[in-house]
Amino acid sequence: MYKRQGYCRFSSDNQRNESIDAQKRAIQNYADENNIIVTNWYLDYAQSGTSADRKEFQKMIEASKYRNFSMVLVHKLDRFSRDRDDTITYKVQLKRNGVKVFSVTERFDDSPEGVLMEAVVEGIAAYYSKNLARETLKGMTENAYNAKSNGSVPPYGYRLVPRLDSSGNTVCNKKGAKLHDIALDEEKAEAVKLIYARVIEGKTYPEIIDELSEKGFKTTRGNPFQTSSLLNILRNEKYTGTYVFNKYRKKLARSGGISKEPNEEDKIIRVKDGLPKIIDDATFELVQKILNARVRQTPGINYVDYLLSGKIICGECGSAFTGERQRKVYKGRVEYRTYYRCNTKKANLPEGKDRCANTCIRQDEIEKFVLSEISKVVFSKKNFDNILELYLSLIHI
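Residues numbered from 1 in each chain as written. Predicted model: local features only at pLDDT ≥ 70, side-chain atom pairs only at ≥ 80, totals over all residues. Heavy atoms only, no water.

## Observations concerning the overall build of the protein chain
In step 1: The helix and strand tally for the protein chain stands at eleven helices and 13 strands.
In step 2: Within the protein chain, the proportion of its 397 residues that are buried is 35%.
In step 3: The long-range share in the protein chain, meaning contacts at least 24 apart out of those at least 6 apart in sequence, stands at 61%.
In step 4: A total of about 25300 Å² of accessible surface is found on the protein chain, and carbon and sulfur atoms cover 52% of it. (Helix = DSSP H or I, 4+ residues; strand = E, 2+ residues; numbered from the N terminus. Buried < 20%, exposed > 50% of the residue type's maximum accessible area, 1.4 Å probe, protein only. Contact = heavy atoms within 4.5 Å. Areas by Shrake-Rupley, 256 points an atom, 1.4 Å probe, with all protein chains shown as cover.)

This is the structure we're talking about:
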C-alpha cells in the first residue's frame, strides 16, 4: 500500500459543485481503486486559490520537508492553486522534497503531451481567476460610484441595512444573497461626536476612553476603546459624509502573507455626501491639525531618561539594573510603564546562563525614594553648613 496526502480547498465562488466533501469523495474513490492509503488530509475552508497564504496549504508544504509522503492528491489542479506563479513555485518546492502533485480527475502523465496539457489547464485556471477578480472589481467599482456597500463592515457610527427597490422589496445579487446599504447608527454616532469634541477641548486619550467607558460605549466588536481605536475614528474622513473606496491595495508581505499599503490617489474613489454626515468638514480639519501637532510633540521610546541605569546593584546576583519599558493592559486599554530590571533577569541571555529571580522596580518609585534619601544626606544640618561655607569661599565673600 502506498501512503499519500490529500489536499482540498473550498472557495466561496465555487461552493456548489466542488465542496470539501465532494473533493474528498473523489480523491478517496481514486485511492481505493489504486490501492492507495490517504494518511492525512489538509482542508482549507473558504480560501481563495489566488493566494498561497492558506493555513492548511502551508502546513502541507512544511510537512513535505520531512519526506514522509511522496504524493499530494487533489481533485483538480485549480484546487492546488489558481495562480500560475504559485503553482510553479510550490510544485518545484514539493518536487525538491520528493513530492508530486497529482489530479485524480485530470490524469496527466509525464509525457511531453501530458506536461503541455497540464500547463494549459493551469493557465486556464489562472485566467479564470484573474478574469473573475476583474469582473468582481468592476461591480464593486460601480457600487462605489453610487456610494453602495461592497459588503465590508462599515466604520463605527454606521450600520448595514437591507437594500430595497422602489417597491420596498429586498434586493439580492445573482446568487440570491441579500444586498445592503450603509445607514447611520444614531447611538454610536453620538460616541463619534463626543470623541471629536473632547479632542478639541484638549482631553487626553485616557480621559476620553474613561468617559466613553462610563457612558457605556464600546467598539463594534464589543470591546473597550483603546488609543488605536480612537485614532482610527479620528483619522477617518468618511465621518464627513465622504464615501471612500479602494484607499488601500493588497501587497504580498515578506512573511508570505498579505498586507495593505496606501493606493495611488488617482485610483481612490471618493463620493462627496455619499454617506450620512456625522462630523462637519471644519471640525474634521481642526482635529487633523491637533493630531498632527500631538505626533510631533510625542517623545519616542528612546527619550525616556533612566537616571539610575547602571547605578542600582542587584542584591541577588550582583549585576546592574537598567531601564526597561513594558506594555501593560490597564482597565481594558494599553499603557506603557517604565521599570528598572536586573540585567541577568532579561530573557535574551546566552544559553546556559541562569536568569536572576529578583523582581523589577517601578522607575518613578525607586527614583523618588533615591532622591529623597539623597536630599536627607545633602541637606542635613552638618552638610548644609559645609556646602554653604564652600559656596561662600568660591564667590569670595
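Here the narrative resumes, following the displayed structure.
## Some details on a nonpolar patch on the surface
In step 1: Taken together, Phe379, Phe384 and Leu388 make up a surface patch of nonpolar side chains, about 320 Å² in accessible area.
In step 2: Its place among the elements puts Leu388 in helix H11 (residues 381-394). (Patch = residues over 30% accessible without salt bridge, like charges linked within 9 Å, V, L, I, M, F, W, Y side chains within 5 Å. Salt bridge = Lys/Arg side-chain N within 4 Å of Asp/Glu carboxyl O.)

## A short note on helix H2 (residues 55-63)
A turn of α-helix holds 3.6 residues, and therefore any two residues three or four places apart point the same way.
In step 1: Buried within H2 we find Glu56, Phe57, Met60, Ile61 and Ala63. The arc that holds the buried residues of H2, viewed along the axis, is 165°, so those residues lie on one side. (Arc of directions from axis to C-beta.)

## Comments concerning the pattern of salt bridges
In step 1: In the structure shown here, the tally under the stated rule is 13 salt bridges.
In step 2: A salt bridge links Asp281 to Lys272, with the shortest nitrogen-to-oxygen separation between them at 3.2 Å.
In step 3: Residue classification places Asp281 among the partly exposed residues on the basis of a relative accessible area of 34%.
In step 4: Take Lys272: its relative accessible area is 49%, and that puts it in the partly exposed class.
In step 5: Measuring nitrogen to oxygen at the nearest pair gives 2.7 Å for the salt bridge that ties Glu324 to Arg341. You can see Glu324 sitting in strand E11 (residues 321-330) and its partner Arg341 sitting in strand E12 (residues 333-342), a full 17 residues away along the chain.

## Quick notes on the packing of aromatic side chains
In step 1: For the coordinates displayed, the defined rule picks out five aromatic pairs.
In step 2: Ring centres of Tyr30 and Phe102 lie 5.3 Å apart, and the angle between their planes is 35°; this geometry places the pair in the tilted category. Linking Tyr30 in helix H1 (residues 20-33) with Phe102 in strand E4 (residues 100-103), this pair joins segments that are 72 residues apart in sequence. The pair formed by Tyr30 and Phe102 is uniform in burial state, with each residue classed as buried.
In step 3: Joined through ring pairs, the aromatic side chains of Tyr158, Tyr196, Tyr239 and Phe284 make up one cluster.
In step 4: A cation over a ring is seen here: Lys24 above Trp41, with NZ or CZ 5.1 Å from the ring centre. (Phe/Tyr/Trp six-rings, centres within 6.5 Å; stacked < 30°, edge-to-face > 60°. Lys NZ or Arg CZ within 6 Å of the ring centre and 35° of its normal.)

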